[in-house]
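Close look at the chain arrangement
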Amino acid sequence: MGGMPSAHSAFVFSLALMTGLKEGFGTTAFAIAFALMVIVIYDAMGVRAETGKQGAVLNRILREVLVEGQPITEQKLKELVGHTPLEVCGGVVVGIIMVLIMA
């Protein structure tokens, strides 16, 4: 849902790290977990963050249109759907801590 830390990043990072520690870093299981981690973290920082930018632009357009005419809608779009790099790093730190506790 967005915010600090990124639960998505924490989960996939700890999954990959725990898989590497338990199964080995040269295994197919680790390669799959690592690939999943890269995709999820890329999505958290990139694609979802862009959705937030689009929401901000749409809200600005709605404010400008509403000054001259009837309200189209009173519902604001969510602008913070993605994660900042700092939030993703926070998720990675939580993932490392979870692996250290569970290992």
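This write-up is about the structure you can find in this document. Keep in mind it's a predicted model, so treat the numbers as computed, not measured.

1. Describing the overall build of the protein chain
- Within the protein chain one finds 3 helices and 0 strands.
- Going from N to C terminus, the protein chain has its helices and strands arranged as α-α-α.
- Put simply, the protein chain has 103 residues, and 29% of those count as buried.
- Split by element, the accessible area of the protein chain, about 7000 Å² in all, is 70% carbon and sulfur.

2. What to know about helix α1 (residues 7–23)
- With 17 residues, α1 should reach 24 Å at 1.5 Å per residue; the first-to-last C-alpha distance of 23 Å fits that figure.
- Just past α1, the residue Gly24 takes up positive phi, approximately 110 degrees.

3. What to know about the nonpolar core
- Ranked by size, the top nonpolar core spans 11 residues in total: Val12, Phe13, Ala16, Phe30, Ala33, Met37, Val40, Ile41, Ala44, Val88 and Val92.
- Those elements giving two or more residues to this core turn out to be α1, α2 (28–68) and α3 (85–102).
- For this core, the leading source of residues is α2, giving 6 residues.
- Aside from chain neighbours lying at most four places away, what touches Val12 is Leu36, Met37, Val40 and Ile41.

4. Observations concerning a nonpolar patch on the surface
- On the surface, Val93, Ile97, Met98, Ile101 and Met102 cluster together to form a nonpolar patch covering roughly 500 Å² of accessible area.
- Positionally, Met102 belongs in helix α3.
- Met102 gets classed as exposed once you look at its relative accessible area, which sits at 59%.

What counts and what doesn't
Residues numbered from 1 in each chain as written. Predicted model: local features only at pLDDT ≥ 70, side-chain atom pairs only at ≥ 80, totals over all residues. Heavy atoms only, no water. Helix = DSSP H or I, 4+ residues; strand = E, 2+ residues; numbered from the N terminus. Buried < 20%, exposed > 50% of the residue type's maximum accessible area, 1.4 Å probe, protein only. Areas by Shrake-Rupley, 256 points an atom, 1.4 Å probe, with all protein chains shown as cover. Expected span 1.5 Å × (residues − 1). Core = buried A, V, L, I, M, F, W, Y, C linked by side-chain atoms within 4.5 Å. Contact = heavy atoms within 4.5 Å. Patch = residues over 30% accessible without salt bridge, like charges linked within 9 Å, V, L, I, M, F, W, Y side chains within 5 Å. Salt bridge = Lys/Arg side-chain N within 4 Å of Asp/Glu carboxyl O.

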